[in-house]
Amino acid sequence: IAKALYGILGEEELDVRIDGRGYAEYLALPETRARRTSSFFVFQEPSSHLNPLMTLEAQLAEGSLAGGPPTLEIARRLWEPGEEIELASLLPVYPKPHRPSGGEKQRMLIAMALKQLANLKPGQPNLFVFDEPTGSLDNDYRDRFLSLLFEEHRKRPFTCLLVTHDYS
């Protein structure tokens, strides 16, 4: 459902109606296209959604993420104080299945979403989807992410779909 609302499934994959429209018609709407340019989808499995042919640093500065706050400033908020050396050593890494860890990859995707949030203009259509964003994180990093997410929402309200089975 999240992928359908975000508009990343092929038209031929669904026979559904969204807001009374067929899926192909929904995808063609100017609002749907505009929403995707200022939104972000954090997938449950980060390994399959990071490009193994690009360094993490390049991916954090790609496309619409090029503007806004510096990458390290955003990513640093998802690491413990004093872990700047660890974070800096991850940026030149090409994400492969074994490195960085699942939690580090998840935090990189979350950093990308937070950077996109920082670039959000008032009134700009948006949809931020977080599909099990804390599944690879321990409780401390989960709480850190949720605090940042709520802090960003207080600064500039945005539409968020948060999928989780984490009842703690």
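Coordinates for the structure precede this section.
Since the structure is predicted, the reported quantities are computational estimates derived from the model, not experimental observations.

Draft legend 1. Spatial organisation of the side chain of R156. Within the element layout of this structure, R156 appears in the loop between α8 (139–155) and β5 (160–163). Of note is the side chain of R156, whose polar atom sits 2.5 Å from the side chain of E152.

Draft legend 2. Region of the structure containing the pairing of strand β4 (residues 128–131). With burial as the criterion, each face of β4 is covered, one bearing F128 and F130 and the other bearing V129 and D131. Two strands pair when backbone bridges link them, and strand β3 (residues 40–42) and β4 are joined in this way by 3 bridges, in the parallel orientation. Looking across to β4, one finds that F40 is bridged to F128.

Draft legend 3. Region of the structure containing the pattern of salt bridges. Applying the stated rule across the entire model yields 9 salt bridges. The partner of E152 in a salt bridge is R77, and the shortest N-O contact between them spans 3.3 Å. Placement of E152 in helix α8 and of R77 in the loop between α5 (71–76) and α6 (84–90) is noted, with a sequence separation of 75 residues between them. Judged by relative accessible area, which is 26%, R77 ranks as partly exposed. Linking R144 and D140 is a salt bridge whose minimum nitrogen-to-oxygen distance equals 4.0 Å. Residue R144 and its partner D140 are located together in helix α8, separated by 4 residues, close to a single helical turn. Here the salt bridges do not stand alone but share partners, grouping R77, E151, E152, K155 and R156 into one network.

Quick notes on the rules
- Residues numbered from 1 in each chain as written.
- Predicted model: local features only at pLDDT ≥ 70, side-chain atom pairs only at ≥ 80, totals over all residues.
- Heavy atoms only, no water.
- Helix = DSSP H or I, 4+ residues; strand = E, 2+ residues; numbered from the N terminus.
- Polar contact = N/O pair within 3.5 Å; in protein donor to acceptor, adjacent residues only side chain to side chain.
- Buried < 20%, exposed > 50% of the residue type's maximum accessible area, 1.4 Å probe, protein only.
- Pairing = 2+ DSSP bridges.
- Salt bridge = Lys/Arg side-chain N within 4 Å of Asp/Glu carboxyl O.

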